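# Descriptive structure summary
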Amino acid sequence: MPLKTQISLMSLGLSRTTAIELAENIPNDSFTRLEAYEYLLSKKWAKFELPEAMQNEVLYVISNHTLEELTEFGDLVWDS
């Protein structure tokens, strides 16, 4: 079963491959979509030495979303 963090990263527009790679290095496996975006903004992911294509993908996602956009309609609802 996919982890919530992986799904949240993919919902932002990351590929499954990049989302899985990032999620393997994130200690929290239950990030909401907003938390995942804030994590990407923090640039903590940069220390993982991702391949250049994945880094570019993350930067593209960061540049195509805003915090206001993600909070305007609330976060996705997850069933526990």
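Residues numbered from 1 in each chain as written. Predicted model: local features only at pLDDT ≥ 70, side-chain atom pairs only at ≥ 80, totals over all residues. Heavy atoms only, no water.

## Brief notes about helix α1 (residues 4-11)
The complete set of buried residues in α1 reads T5, Q6, S8 and L9. Buried positions in α1, seen along its axis, are confined to an arc of 165° and lie on one side of it. Residues of α1 that are buried sit in contact with α2 (16-25) and α3 (33-42). Just past α1, the residue G13 takes up positive phi, approximately 120°. (Buried < 20%, exposed > 50% of the residue type's maximum accessible area, 1.4 Å probe, protein only. Helix = DSSP H or I, 4+ residues; strand = E, 2+ residues; numbered from the N terminus. Arc of directions from axis to C-beta. Contact = heavy atoms within 4.5 Å.)

## Section: unusual backbone geometry
You will see that K43, though not glycine, has its phi angle at about 65°, which is positive. Within the element layout of this structure, K43 appears in the loop between α3 and α4 (52-63). Judged by its relative accessible area of 45%, K43 is partly exposed. Despite not being glycine, E49 has its phi angle at roughly 55°, a positive value. A residue is classified by how much of its surface remains accessible, and E49, at 70% relative accessible area, is exposed.

## Topic: the packing of aromatic side chains
Inspection of the entire model under this criterion finds one aromatic pair. Ring plane angle 50° and centroid distance 5.8 Å describe the contact between F31 and Y39, whose orientation is recorded as tilted. (Phe/Tyr/Trp six-rings, centres within 6.5 Å; stacked < 30°, edge-to-face > 60°.)

## Examining the packing of α1 against α3
As a packed pair, α1 and α3 sit with axes 8 Å apart at the nearest point and diverge in direction by 75°. Taken as axis vectors, α1 and α3 run roughly perpendicular relative to one another. Contacts from S8, L9 and S11 in α1 reach R33, A36 and L40 in α3. (Axes fitted to C-alpha atoms, helices over the stretch in contact; angles between N-to-C directions. Parallel < 35°, antiparallel > 145°, perpendicular 65-115°, else oblique.)

## Re the nonpolar core
For soluble globular proteins, nonpolar side chains are generally found buried alongside one another. One finds L9, L22, L40 and W45 to be the most contacted residues of the largest nonpolar core, which totals 20 residues. At the level of elements, α2, α3 and α4 are the ones that each hand at least two residues to this core. Those residues in contact with L9 that lie beyond four places of it in its chain are L14, A19, L22, A23, I26, A36 and L40. (Core = buried A, V, L, I, M, F, W, Y, C linked by side-chain atoms within 4.5 Å.)

Purely geometric stuff here, so don't read any function into it on its own.
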